[in-house]
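This is what each chain is made of:
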Amino acid sequence: LAIPDEQVNVFQLVDAMTAAEGSAALASLHKLLDDEEPLMIFGMVTRQFRLLLLARAVIDAGGGRDQILKQIGDVRSDFVAGKIYNQVRHWSAPTLEAIYRRLFEIDRDVKTGQVAVEVALDQLVVEVCTGVRG
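Residues numbered from 1 in each chain as written. Predicted model: local features only at pLDDT ≥ 70, side-chain atom pairs only at ≥ 80, totals over all residues. Heavy atoms only, no water.

A.B. asks: Hey, could you run me through the overall build of the protein in this one?
C.D. replies: Looking only at helices and strands, one finds 7 helices and 0 strands in the protein. Its helices and strands taken in sequence order, the protein reads α-α-α-α-α-α-α from the N to the C terminus. Within the protein, buried positions represent 42% of all 134 residues. Within the protein, contacts between residues separated by at least 24 positions form 66% of all contacts whose residues are at least 6 apart in sequence. (Helix = DSSP H or I, 4+ residues; strand = E, 2+ residues; numbered from the N terminus. Buried < 20%, exposed > 50% of the residue type's maximum accessible area, 1.4 Å probe, protein only. Contact = heavy atoms within 4.5 Å.)

Right under this line is the structure:
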């Protein structure tokens, strides 16, 4: 299966966030913002962290890459499962839960007009890369 460019770019963004490489993560984010709608990017980032949470549960239950591929219904590619497996090994369940809660807060704040999605995405990248949680 071919992976659309925006997914590959989201993987690059999350890879940089995983490595706490703030400059690289922000560069990836802004490249995405040049090519895609901000809400679409937010949705892709949210999806990626949801998949990481699901993968973390599989790993915490003793599973590995193959089980991730089997357990997460919307991941149909060995490439995607491999990327998720490589990323999730660097995240604890509590950290992923905190990031996912932050994504929920961003969604609420964007929908109520409290923050522009572009600004919220920038803040999220900085928070994740520096370990600061809102």
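A.B. asks: What is the right way to read the confidence of the model for the protein from this model?
C.D. replies: Close inspection of predicted coordinates is inappropriate in any region flagged by low pLDDT. Counting all residues, the mean pLDDT for the protein is 87, and 89% of those residues have values of 70 or more. Here residues 1–8 is modelled with pLDDT under 50, and outside its nearest four sequence neighbours on either side it reaches 10 contacts, counting other chains as well. (pLDDT = per-residue confidence, 0-100.)

A.B. asks: Hey, could you run me through the side chain of T46 in this one?
C.D. replies: Inspection of the secondary structure assignment puts T46 in helix α3 (residues 38–60). Since its relative accessible area comes to 17%, T46 is described here as buried. In this structure the side chain of T46 is engaged in a polar contact, spanning 2.9 Å, whose partner is the backbone oxygen of F42. Contact partners of T46, with chain neighbours within four places excluded, come to Y100 and L103. (Polar contact = N/O pair within 3.5 Å; in protein donor to acceptor, adjacent residues only side chain to side chain.)

A.B. asks: Would you take a moment to explain the nonpolar core for this structure?
C.D. replies: If you look at soluble globular proteins, the nonpolar side chains tend to sit buried side by side. Ranked by size, the top nonpolar core spans 38 residues in total, and within it L13, M17, I41, F49 and L52 carry the most contacts. Broken down by secondary-structure element, the contributors of at least two residues to this core are α1 (5–18), α2 (22–35), α3, α5 (78–88), α6 (93–111) and α7 (117–130). If you tally residues by element for this core, the top one is α3, at 11 residues. Setting aside anything within four residues of it in sequence, one finds L52 in contact with V14, I84, Q87, V88, W91 and L96. (Core = buried A, V, L, I, M, F, W, Y, C linked by side-chain atoms within 4.5 Å.)

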